[in-house]
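# Working through the structure, step by step
One letter stands for each residue in the lines below.
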Amino acid sequence: MAAIRSRHTKPEIVVRSIIHRLGFRFRLHVGSLPGKPDVVLNKYCSVVFVHGCFWHRHKGCRRCATPKSNQEYWNAKLAGNVKRDAKHIKDLKKLGWRVLVVWECELKNIPKLEKKLLAFLAL
Ligand SMILES: [Zn+2]
């Protein structure tokens, strides 16, 4: 299974290319910000996270079923991820950033995802 913090994974590249195509310019993985957002749009005070449904527990998504074995381990580990995500988003908002989370499964419908990104970025 892939590491949680893997960089330049495919969903992330897809989301970046959409944002780029929509005409927005950005920086990547800004280490100084909480949670190291995948895309940082300074001009818009906005950050975008691209979250894997499994690792980040996409509510109601069938991709986030917990493995049958070692459930205790997984529940604790995944709950920790969710808690960390929530804290990062809270901290970012406190610093004045607008935060959008894109879920891996949303990449199945690119036109819809484009609309979501545009609605978020086009103030
Ligand atoms: Zn999902």
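Placed above this text is the structure.
Description of the structure in this document.

## Remarks on the pairing of strand β4 (residues 98-103)
Across the six residues that make up β4, a large majority, five, are buried. Crossover strand β3 (residues 46-51) to β4 through helix α2 (residues 71-94) is right-handed.

## Side note on the pattern of salt bridges
According to the stated counting rule, one finds five salt bridges in the structure shown. Note that E114 is salt-bridged to R21, the shortest N-O span being 2.7 Å. In this pair, E114 sits in helix α3 (residues 110-121) while R21 sits in helix α1 (residues 10-21), placing the two residues 93 residues apart along the sequence. Overall, the relative accessible area of 22% leaves E114 in the partly exposed class. Here R63 ties to E104 by a salt bridge, and the two come within 3.7 Å at their closest N and O atoms. Pair noted here: R63 is in the loop between β3 and α2 and E104 is in the loop between β4 and α3, with a separation of 41 residues, a long-range link. When its relative accessible area of 37% is taken as the criterion, R63 is described as partly exposed.

## A few points about the environment of K93
Relative to the elements of secondary structure, K93 occurs in helix α2. On the basis of relative accessibility, which here comes to 52%, the residue K93 falls in the exposed class. Counting along the chain gives 47 residues from K93 to S46, while the straight-line C-alpha distance between them is 9.6 Å.

## A look at the packing of α1 against α3
At their nearest, the axes of α1 and α3 sit 10 Å apart, and the two run at 60° to each other. Accordingly, the angle class assigned to the pair α1 and α3 is oblique. Relative to α3, the crossing made by α1 is right-handed. Counting all contacts with α1, which are made through V14, V15, I18, I19 and R21, the residues of α3 involved are I110, L113, E114, L117 and L121. Residues that form the contact of α1 with α3 fall into these classes: eight nonpolar, no polar and two charged.

## A word on unusual backbone geometry
If you check the backbone angles, R57 has positive phi at about 60° while not being a glycine. Looking at the element boundaries, R57 is found in the loop between β3 and α2. On the basis of relative accessible area, R57 is assigned to the buried category, the value being 18%.

## Re the nonpolar core
In this structure, V15, I19, L41, V48, V102, L113 and L117 are the most contacted members of the largest nonpolar core, which totals 16 residues. Counting only elements with at least two residues in this core, the list comes to α1, β2 (39-41), β3, β4 and α3. The biggest single contributor to this core is α3, with four residues. Here L41 is in contact with I19, F24, R25, F26, S46, V48, W97 and L121, once residues within four sequence places are set aside.

What counts, and where the lines are drawn
- Residues numbered from 1 in each chain as written.
- Predicted model: local features only at pLDDT ≥ 70, side-chain atom pairs only at ≥ 80, totals over all residues.
- Heavy atoms only, no water.
- Buried < 20%, exposed > 50% of the residue type's maximum accessible area, 1.4 Å probe, protein only.
- Helix = DSSP H or I, 4+ residues; strand = E, 2+ residues; numbered from the N terminus.
- Right-handed = clockwise from strand over helix to strand, strands pointing away.
- Salt bridge = Lys/Arg side-chain N within 4 Å of Asp/Glu carboxyl O.
- Axes fitted to C-alpha atoms, helices over the stretch in contact; angles between N-to-C directions.
- Parallel < 35°, antiparallel > 145°, perpendicular 65-115°, else oblique.
- Left-handed = near helix turned anticlockwise from the far one by under 90°.
- Contact = heavy atoms within 4.5 Å.
- Nonpolar A, V, L, I, M, F, W, Y, C, P; charged D, E, K, R; others polar.
- Core = buried A, V, L, I, M, F, W, Y, C linked by side-chain atoms within 4.5 Å.

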